[in-house]
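Summary of structural features
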Amino acid sequence: FHQWNFQKGGKEYRAIRTERYTYARDRKGPWLLYDDQQDPYQQENLVNKKQYADLQSELEAILQQKLAAVHDDFLPADEYMKKWNYHYDFEDSLRPDS
């Protein structure tokens, strides 16, 4: 947490990777979707594109299952910092849109 503060574009996210795809969501929703076979350098983000809606839903379901299996509530970073008594500069938590 806070290795790259929010002022510099850091954010909380969770992701999965299959043999072919990389899918990530942040706390606001789907964020990244890449076809790693067709686009190994991840240049074209496919998230929220109509033709990939079914795939995105499938990957979201897999991600949610994995989060549930490990009891990950995907809380804001500060909640984990407090929970595990991790000392940090609260200024790192300030988001540009706050």
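Residues numbered from 1 in each chain as written. Predicted model: local features only at pLDDT ≥ 70, side-chain atom pairs only at ≥ 80, totals over all residues. Heavy atoms only, no water.

**Observations regarding the overall build of the chain**
- Across its full length, the chain carries two helices and three strands.
- Listed N to C, the secondary structure of the chain is β-β-β-α-α in terms of helices and strands.
- The buried share among the 98 residues of the chain stands at 36%.
- Relative to all contacts within the chain whose residues are 6 or more apart in sequence, the contacts with residues 24 or more apart total 44%. (Helix = DSSP H or I, 4+ residues; strand = E, 2+ residues; numbered from the N terminus. Buried < 20%, exposed > 50% of the residue type's maximum accessible area, 1.4 Å probe, protein only. Contact = heavy atoms within 4.5 Å.)

**Let's talk about the side chain of Asp35**
- Structurally, Asp35 can be placed in strand β3 (residues 29-35).
- Accessibility expressed as a relative area gives 7% for Asp35, which makes it buried.
- Looking at Asp35, its side chain comes within polar contact range of the side chain of Arg20, at 2.8 Å.
- Among the polar contacts made by the side chain of Asp35, one reaches the main-chain amide nitrogen of Gln38 at a distance of 3.1 Å. (Polar contact = N/O pair within 3.5 Å; in protein donor to acceptor, adjacent residues only side chain to side chain.)

**Examining the packing of aromatic side chains**
- This structure, assessed with the given rule, holds one aromatic pair.
- The cationic tip of Arg27 hangs over the ring face of Phe74; the distance from NZ or CZ to the ring centre is 5.8 Å. (Phe/Tyr/Trp six-rings, centres within 6.5 Å; stacked < 30°, edge-to-face > 60°. Lys NZ or Arg CZ within 6 Å of the ring centre and 35° of its normal.)

**Thoughts on the nonpolar core**
- If you look at the biggest cluster of nonpolar residues, it comprises ten residues: Ile16, Tyr21, Tyr23, Leu33, Leu46, Val47, Leu55, Leu59, Leu63 and Leu67.
- Mapped onto this core, the elements with two or more residues apiece are β2 (21-26) and α1 (53-69).
- Sort the elements by how many residues they give to this core and α1 lands first, with four residues. (Core = buried A, V, L, I, M, F, W, Y, C linked by side-chain atoms within 4.5 Å.)

**Some points on the environment of Pro76**
- Relative to the helices and strands, Pro76 is located in the loop between α1 and α2 (77-83).
- Setting aside residues up to four positions removed in sequence, Pro76 forms contacts with Glu12 and Arg27.

**A look at the sheet that holds β3**
- If you walk across this open sheet you meet the three strands as β1-β2-β3, and the pairing is antiparallel. A single partner strand is all that each edge strand has here, and the edge strands are β1 (13-17) and β3. On average, each strand axis in the sheet is tilted by 15° relative to the strand beside it, whichever way the strands run.
- Pairing analysis gives six bridges linking β2 to β3, with the strands arranged antiparallel. When the bridges of β3 are listed, Tyr21 appears paired with Asp35. (Pairing = 2+ DSSP bridges. Axes fitted to C-alpha atoms, helices over the stretch in contact; angles between N-to-C directions.)

**A word on the side chain of Gln56**
- With respect to the helices and strands, the residue Gln56 is situated in helix α1.
- At 2.7 Å, the side chain of Gln56 forms a polar contact with the backbone nitrogen of Asn48.
- Dropping the residues within four chain positions of it, Gln56 is found in contact with Tyr23, Pro30, Leu33, Leu46, Val47 and Asn48.

So, to be careful, I would describe these as geometric facts and stop short of saying anything about function.
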